[in-house]
Amino acid sequence: MNDRAAAAGPFAKAAGLLQDLAGIRLTAKRVERAAEASGAAQAAAVRGGAALITDQKVVPLPPSPLPDKLYGVIDGTGVPMTARETAGRGGKGEDGRARTREVKLAVFFTQDKVDDEGFPIRDRESSSYIATFEPAAVFGGLVKAEGTRRGADYARQLTILGDGAAWIWNIATAKFPGATQIVDLFHAREHLNDLARLLEFMLLDS
């Protein structure tokens, strides 16, 4: 209960929710420490499981039913942090200080059906997630292990979606060389817009 409340918002608010809904009184600091301890334990479990798969000490059985298509999405985003957590890290601000840390994310899912307008529908409860502050080299191993667990070696078509960042395609190419790589629609439009701006002078001259 503590972990779910802490993940939903600030620790002080989580403490209030626990008291209101469950009659459990915890300080915001206690909520923070417990949630961080649970997070560290979960991260260690994920790393351990990934290492077993990577070292082939554990070989996941093919999923049943076997998916025809498996999708993986890889991304990264900045997470606001306290000054203590970003101490010594360079940032993009004018003062050179970091105010965020990049969390790397991946999700694997299946979708074989479309709605009435032809848009794909993600299969219910088919999503599994990876999230870490580890560098790309470590993250890539976690993504590979999760893809293996989800049946990437057995699916007829594996598709990796990303925003076009080089580190994402490096992971996709190294870990899933047979996968189809697709830039997501939002960033594809953004790249086309940037290209059009670069070529605008040619249109004006003509």
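Just above, that's the structure.
Residues numbered from 1 in each chain as written. Predicted model: local features only at pLDDT ≥ 70, side-chain atom pairs only at ≥ 80, totals over all residues. Heavy atoms only, no water.

J.: Quick question: what am I supposed to make of the layout of surface pockets here?
T.: Over the atoms, a rolling probe the size of a water molecule traces out where space has been left empty. The volume enclosed by the largest pocket comes to roughly 1100 Å³. Within the residue set of the lining of the largest pocket, elements represented by two or more residues are helix 1 (2-8), helix 3 (28-54), strand 1 (69-80), strand 2 (100-109) and strand 5 (128-132). Broken down by element, the lining of the largest pocket gets its largest block of residues, 10 residues, from helix 3. Approximately 220 Å³ is the volume attributed to the second largest pocket. Residue lining of the second largest pocket: Tyr71, Val73, Phe109, Gln111, Phe119, Pro120, Arg122, Leu161, Asp184 and Leu185, and that is the complete set. Of the residues assigned to the lining of the second largest pocket, the class counts are 7 nonpolar, 1 polar and 2 charged. (1 Å grid on protein atoms, 1.4 Å probe; cavity = no way out; pocket = protein on both sides within 12 Å on 5 of 7 lines; lining within 4 Å. Points joined across faces, edges and corners; volume = space filled by probe spheres on them. Helix = DSSP H or I, 4+ residues; strand = E, 2+ residues; numbered from the N terminus. Nonpolar A, V, L, I, M, F, W, Y, C, P; charged D, E, K, R; others polar.)

J.: When you look at the pairing of strand 5 in this model, what are you seeing that I'm missing?
T.: Looking along a regular strand, one sees side chains alternate from face to face of the sheet. Going residue by residue along strand 5, you find Ser128, Ile130 and Thr132 tucked away on one face and Tyr129 and Ala131 left uncovered on the opposite face. Pairing of strand 2 with strand 5, which is carried by 5 bridges, proceeds in the antiparallel orientation. Paired with Phe108 across the two strands is Ser128, which belongs to strand 5. (Buried < 20%, exposed > 50% of the residue type's maximum accessible area, 1.4 Å probe, protein only. Pairing = 2+ DSSP bridges.)

J.: How do you make sense of helix 4 (residues 136-149) when you look at a structure like this?
T.: Side chains of residues three or four places apart in an α-helix project in the same direction, reflecting 3.6 residues per turn. Between its terminal C-alpha atoms helix 4 stretches 20 Å, which fits the 20 Å expected from 14 residues at 1.5 Å a residue. Residues of helix 4 that are buried include every one of Phe139, Gly140, Leu142, Val143, Ala145, Glu146, Gly147 and Thr148, and no others. Each element contacted by the buried residues of helix 4 is listed here: helix 3, strand 1, strand 2, strand 5 and helix 5 (166-175). Two residues or fewer past helix 4, Gly151 is found with a positive phi of approximately 95°. (Expected span 1.5 Å × (residues − 1). Contact = heavy atoms within 4.5 Å.)

J.: Got a minute to help me understand the sheet that holds strand 6 (residues 157-162) in this structure?
T.: Sheet strands line up and pair through hydrogen bonds in the backbone, either parallel or antiparallel. The sheet built from 5 strands is open, its strands ordered 5-2-1-6-7 with mixed pairing. Edge strands, defined here as strands with exactly one partner in the open sheet, are strand 5 and strand 7 (180-183). This sheet shows a mean twist of 20° between the axes of neighbouring strands, independent of strand direction. Note that strand 1 and strand 2 share 10 bridges and pair antiparallel. Within strand 2, the position partnered with Asp75 by the bridge is Leu105. Each of strand 1, strand 2 and strand 5 is contacted by helix 4, which is oriented at about 15° to strand 2, the strand it contacts most. Contacting strand 1, strand 2, strand 6 and strand 7, helix 5 runs over the sheet at an angle of about 145° to strand 1. (Axes fitted to C-alpha atoms, helices over the stretch in contact; angles between N-to-C directions.)

J.: In this structure, what is going on with the packing of helix 3 against helix 4? I would like to understand it.
T.: In contact at an axis separation of 9 Å, helix 3 and helix 4 are set at 70° when each is read in the N-to-C sense. Of the possible angle classes, the one that applies to helix 3 and helix 4 is roughly perpendicular. In the packing of helix 3 onto helix 4, the handedness of the crossing is left-handed. Here helix 3 contributes Val46, Arg47, Ala50, Ile53 and Thr54 to the contact with helix 4, which in turn contributes Gly141, Leu142, Ala145, Thr148 and Arg149. A per-class count over the contact of helix 3 with helix 4 returns 5 nonpolar, 3 polar and 2 charged. (Parallel < 35°, antiparallel > 145°, perpendicular 65-115°, else oblique. Left-handed = near helix turned anticlockwise from the far one by under 90°.)

J.: Is there a simple way to think about helix 2 (residues 11-22) in this case?
T.: Helix length check: helix 2 (12 residues) gives 16 Å between terminal C-alpha atoms against 16 Å at 1.5 Å per residue, within 8%. For helix 2, every residue scored as buried is listed here: Ala14, Ala15 and Leu18. One side of helix 2 holds all its buried residues, which, seen down the axis, span an arc of 105°. Opposite the buried face of helix 2, at more than 90 degrees from it, the exposed residues are Ala12, Lys13, Asp20 and Leu21. (Arc of directions from axis to C-beta.)

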